[in-house]
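Listed below are the residues making up each chain.
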Amino acid sequence: MGQRIKEFFIDFRRQWELQSMIIPGVIFMFIFCYIPIYGLTIAFKNYTVIDTLDSAPWVGFDNFKIILSDKYFWDSVVNTLGISFLKLAIGFVIPIILAIMIYEVGMGRFKKFVQTISYLPHFLSWIVLGGMLITWFSTSGLFNEILLSLGLISQPQNILLDPSKYWWIATLSDIWKEAGWGTILYLAIMAKIDPTYYEAAKIDGASRLRQIWNITLPNMKMIISLNLILTVSGLLGSNLDQTLVLMNSQNREKAEVINSYVYRMGMTQGDFSYATAVGLGVSIISVILLVTANKVTSKLNDNQSVL
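Not measured: the values here are computed from a predicted model.

## A closer look at the overall build of the chain
Step number 1: If you tally the helices and strands in the chain, you get 18 helices and zero strands.
Step number 2: Taken against the 2.2 N^0.38 rule, which gives 19 Å for 307 residues, the C-alpha radius of gyration of the chain at 25 Å runs more than 25% over that of a compact globule.
Step number 3: Each principal axis of the C-alpha distribution contributes one length, and for the chain these read about 80 × 75 × 35 Å.
Step number 4: Burial status across the chain gives 35% buried among its 307 residues.
Step number 5: Here the contacts in the chain between residues at least 6 apart in sequence split such that 65% fall between residues at least 24 apart.
Step number 6: For the chain, the accessible surface area stands at approximately 19,100 Å², while carbon and sulfur atoms represent 68% of it.
Step number 7: Side-chain charges in the chain split into 23 positive and 21 negative, and the spacing between the mean points of these groups amounts to 7 Å.

In structure tokens form, the structure reads like this:
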């Protein structure tokens, strides 16, 4: 250990010009990422706007006990898990399929056109996309006009006011926005695959699907595992921007997720201690999910840890 520390300082002294470039980043992280951790003590206090972090009285785990008996919190947990599992089951696979389809397209101009079109929604904010969805799903919107012209419905209806359909709206709209952007890493990995593998497979008579299954997907295994770990660790963190835009008084029972519930309790109702306790509990569970997913994927990847 002593030898390693000595070597570290020798290398640091030799490269001090380069090493000093990270100092602003370290200072930034310390100020905005580590010092605010002290604020988590609010979760164990009865904090109000007239208190300071030190003057607020300690209440121990009382806020967490309230969470366990809060019906509205558990409703938000159910909605969060329902939407997140739909996004995991559908939204995780679609970028992989889309990336393979784009990679297999031989026409250069058409490939660039498809990539541009699929990336575009990612650069639009949820304010813009949410406004588009609200207009499309209104009684006089595009969605109802299409259904009426096809004879699938007899009267127009506002889809966003139907709580039973919100999970699917949230899932599919999120996939529409992010699927194209999610293909970037996969396309980068596929671009590095040695083309001689495919040439050898063609000589052996392998079909296109067989080449994808035996060459493309195995070479994407590590990045797929990494994305899976990050997705699983974020199961309790739904898209707050999307929820705030699409949620209304009619669909709230199915649209309220943990993030929006914390926002409402903290910023709207001023119960900062309760909101902090919920956020702390979610963060701890997310870390557990992250470690568990990493362990599972490392077993599937011959004990090679992705993180």
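## So, helix H14 (residues 221-233)
Step number 1: The end-to-end C-alpha separation of H14 is 18 Å, in line with the 18 Å expected for 13 residues at 1.5 Å each.
Step number 2: All of the buried residues along H14 are Ile223, Ile224, Ser225, Asn227, Ile229, Val232 and Ser233.

## Concerning the packing of aromatic side chains
Step number 1: Summed over the entire model, instances satisfying the criterion amount to 12 aromatic pairs.
Step number 2: Judged by centre distance (5.2 Å) and plane angle (75°), the ring pair of Phe137 and Phe143 falls under edge-to-face.
Step number 3: Owing to a relative accessible area of 12%, Phe137 belongs among the buried residues under this scheme.
Step number 4: Residue Phe143 is classed as partly exposed on the basis of its relative accessible area of 33%.
Step number 5: The interplanar angle of 75° and the centroid separation of 6.2 Å between the aromatic rings of Tyr261 and Tyr274 together place this pair among those described as edge-to-face. In this pair, Tyr261 is assigned in helix H17 (residues 258-268) and Tyr274 in helix H18 (residues 272-300), connecting sequence segments 13 residues apart.
Step number 6: According to the relative accessible area criterion, Tyr261 is buried, its value standing at 3%.
Step number 7: Cluster of aromatic residues (ring-pair linked, three or more members): Phe73, Trp74, Tyr261 and Tyr274.
Step number 8: The residue whose ring lies beneath Lys71 is Tyr72, and the NZ or CZ to ring-centre distance is 5.4 Å.
Step number 9: The lysine or arginine in question, Lys254, covers the ring of Trp167, its NZ or CZ lying 5.1 Å from the ring centre.

## So, the environment of Ala206
Step number 1: Here Ala206 lies in the loop between helix H12 (195-203) and helix H13 (208-219).
Step number 2: Once you skip the residues sitting within four places of it in the chain, Ala206 turns out to touch Ala201 and Gln211.

## Observations concerning the domain arrangement of the chain
Step number 1: Under the domain assignment, the chain is made up of domain 1 (1-32) and domain 2 (44-299).
Step number 2: Here the C-alpha centre of domain 2 lies 37 Å away from the C-alpha centre of domain 1.

## Observations concerning the packing of H12 against H13
Step number 1: Between H12 and H13, whose axes approach to 10 Å, the crossing angle comes to 135°. By the angle between their axes, H12 is oblique relative to H13. Judged by the sense of rotation from one axis to the other, the crossing of H12 with H13 is right-handed. Between H12, through Tyr197, Tyr198, Ala201 and Lys202, and H13, the contact on the second element is made entirely by Arg208, Gln211, Ile215 and Thr216.
Step number 2: Grouping the amino acids of the contact of H12 with H13 by side-chain chemistry returns four nonpolar, two polar and two charged.

## Overview of the UniProt feature "transmembrane region" (unreviewed entry) in the chain
Step number 1: According to UniProt, the feature "transmembrane region" (unreviewed entry) maps to residues 21-44, 81-103, 123-146, 166-191, 212-236 and 272-291 in the numbering used here.
Step number 2: Overall, residues 123-146 shows 67% helix and 0% strand. The separation of its end C-alpha atoms is 27 Å.

## Some thoughts on the pattern of salt bridges
Step number 1: Counted by the stated rule, this structure contains eight salt bridges.
Step number 2: With a closest N to O distance of 2.8 Å, Asp75 and Lys71 form a salt bridge. One end of the pair is Asp75 and the other is Lys71, both in helix H5 (residues 71-91) and four residues apart, which spans about a single turn.
Step number 3: According to the relative accessible area criterion, Asp75 is partly exposed, its value standing at 30%.
Step number 4: Note that Glu256 and Arg252 form a salt bridge whose closest N and O atoms lie 3.4 Å from each other.
Step number 5: Under the relative-accessibility criterion, Arg252 is labelled partly exposed at 33%.
Step number 6: Salt bridges linked by common partners bring Arg252, Glu256 and Arg264 together as one network.

## Examining the nonpolar core
Step number 1: Phe92, Ile96, Tyr186, Leu187, Met190, Met220 and Ile224 are the most contacted members of the largest nonpolar core, which totals 22 residues.
Step number 2: Of all the secondary structure elements, the ones that give two or more residues to this core are helix H6 (93-104), helix H11 (183-191), H12, H13 and H14.
Step number 3: Met220 has contacts with Ile96, Tyr186, Ile189 and Met190, leaving out every residue within four places of it along the chain.

Here is what the cut-offs are and how they apply
- Residues numbered from 1 in each chain as written.
- Predicted model: local features only at pLDDT ≥ 70, side-chain atom pairs only at ≥ 80, totals over all residues.
- Heavy atoms only, no water.
- Helix = DSSP H or I, 4+ residues; strand = E, 2+ residues; numbered from the N terminus.
- Rg over C-alpha atoms; globule rule 2.2 N^0.38 Å.
- Buried < 20%, exposed > 50% of the residue type's maximum accessible area, 1.4 Å probe, protein only.
- Contact = heavy atoms within 4.5 Å.
- Areas by Shrake-Rupley, 256 points an atom, 1.4 Å probe, with all protein chains shown as cover.
- Lys, Arg positive; Asp, Glu negative; His and termini not counted.
- Charge placed at Lys NZ, Arg CZ, Asp CG, Glu CD.
- Expected span 1.5 Å × (residues − 1).
- Phe/Tyr/Trp six-rings, centres within 6.5 Å; stacked < 30°, edge-to-face > 60°.
- Lys NZ or Arg CZ within 6 Å of the ring centre and 35° of its normal.
- Domains from an automatic or database assignment.
- Axes fitted to C-alpha atoms, helices over the stretch in contact; angles between N-to-C directions.
- Parallel < 35°, antiparallel > 145°, perpendicular 65-115°, else oblique.
- Left-handed = near helix turned anticlockwise from the far one by under 90°.
- Nonpolar A, V, L, I, M, F, W, Y, C, P; charged D, E, K, R; others polar.
- UniProt positions renumbered as here; feature names shortened; annotations may be inferred.
- Salt bridge = Lys/Arg side-chain N within 4 Å of Asp/Glu carboxyl O.
- Core = buried A, V, L, I, M, F, W, Y, C linked by side-chain atoms within 4.5 Å.

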